[in-house]
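Chain and residue survey
These are the residues of each chain, in order.
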Amino acid sequence: MNDERQAMIASLEAQERELVFTRFDNADAWRLGSAMVAAATERVLPVTIDIRRHGQQLFHVALPGTTAENDAWIDRKVNVVNRFAAASYLVGRRLAARGSALDEALGVEPRLFAAHGGAFPVRIKDVGVVGTVTVSGLAQADDHAFVTEMIGAFLGV
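The text that follows walks through the structure, step by step, so that each part is easy to find. (Residues numbered from 1 in each chain as written. Predicted model: local features only at pLDDT ≥ 70, side-chain atom pairs only at ≥ 80, totals over all residues. Heavy atoms only, no water.)

1. With respect to the pattern of salt bridges
Taken as a whole and judged by the stated rule, the model has 11 salt bridges. R23 is paired through a salt bridge with D28; the nearest N and O atoms lie 3.2 Å apart. Residue classification places D28 among the buried positions, given a relative accessible area of 3%. A salt bridge links K77 to D143, with the nearest nitrogen and oxygen atoms 2.9 Å apart. Of this pair, K77 sits in helix α3 (residues 68-84) while D143 is found in helix α5 (residues 140-155), placing the two residues 66 residues apart along the sequence. Taking the relative accessible area as the measure of exposure, K77 reaches 2% and is therefore buried. On the basis of relative accessibility, which here comes to 1%, the residue D143 falls in the buried class. Among the ionic contacts, a cluster of salt bridges with common partners joins R23, D25, D28 and R31. (Salt bridge = Lys/Arg side-chain N within 4 Å of Asp/Glu carboxyl O. Buried < 20%, exposed > 50% of the residue type's maximum accessible area, 1.4 Å probe, protein only. Helix = DSSP H or I, 4+ residues; strand = E, 2+ residues; numbered from the N terminus.)

Pasting the structure below:
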């Protein structure tokens, strides 16, 4: 694995250790989602934002410039987080570093899973992954960066 890939994976793993909630309820989902909408609207980002806990969709909005295709991407990215308990971008970068693909060899159906940036786990300290915060509409690195920036701001990290 080259140094650049290794550094990126280490950085993504550090984000997962740092961006941990102490609690996450419906009101938290609303506050986080609303802050994300405000930031995306100010930046004129064509994104769909989705927040789920234990499979229940708590927040969802599709901003101008998005389509139902973004919803399909969200579902596929969320499936990756739920399966691997890690950000969809981190899973994708780990696979790329090994020269692997997210496919039947890993026991998944590719049309139902997308190891592309944008879905980040809602991880609660001493509990584990309980949900996802997901964005679709930008390049995968930008989807991931927006989600982690907004979670970091929400957590005060």
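2. Structural notes on the packing of helix α2 (residues 26-42) against α5
Between α2 and α5, whose axes approach to 10 Å, the crossing angle comes to 125°. When the axes of α2 and α5 are compared, the pair comes out oblique. Relative to α5, the crossing made by α2 is right-handed. Residue-level contacts link D28, R31, L32, A35, M36, A39 and A40 of α2 to F146, V147, M150, I151 and F154 of α5. (Axes fitted to C-alpha atoms, helices over the stretch in contact; angles between N-to-C directions. Parallel < 35°, antiparallel > 145°, perpendicular 65-115°, else oblique. Left-handed = near helix turned anticlockwise from the far one by under 90°. Contact = heavy atoms within 4.5 Å.)

3. A closer look at the nonpolar core
In this structure, F24, L32, M36, I51, V133, F146 and I151 are the most contacted members of the largest nonpolar core, which totals 40 residues. At the level of elements, α1 (3-18), α2, β1 (48-53), β2 (56-62), α4 (88-98), β3 (119-124), β4 (128-136) and α5 are the ones that each hand at least two residues to this core. Per-element accounting of this core gives the leading share, six residues, to α2. When neighbours within four sequence positions are excluded, I151 is seen to be in contact with L19, F21, L32, F120 and V133. (Core = buried A, V, L, I, M, F, W, Y, C linked by side-chain atoms within 4.5 Å.)

4. Looking at the sheet that holds β4
The strand order across the open sheet built from four strands is β2-β1-β4-β3, with neighbouring strands paired in antiparallel fashion. Where the open sheet ends on each side, the last strands, each with one partner, are β2 and β3. With strand direction ignored, the average angle separating the axes of adjacent strands in the sheet is 15°. The strands touched by α3 are β1, β2, β3 and β4; relative to β4, the strand with the most contacts, the crossing angle is about 155°. (Pairing = 2+ DSSP bridges.)

5. Observations regarding the environment of A97
Tracing the backbone through its elements, the reader meets A97 in helix α4. When its relative accessible area of 17% is taken as the criterion, A97 is described as buried. For the pair A97 and A72, spaced 25 residues apart in the sequence, the C-alpha separation amounts to 26 Å.

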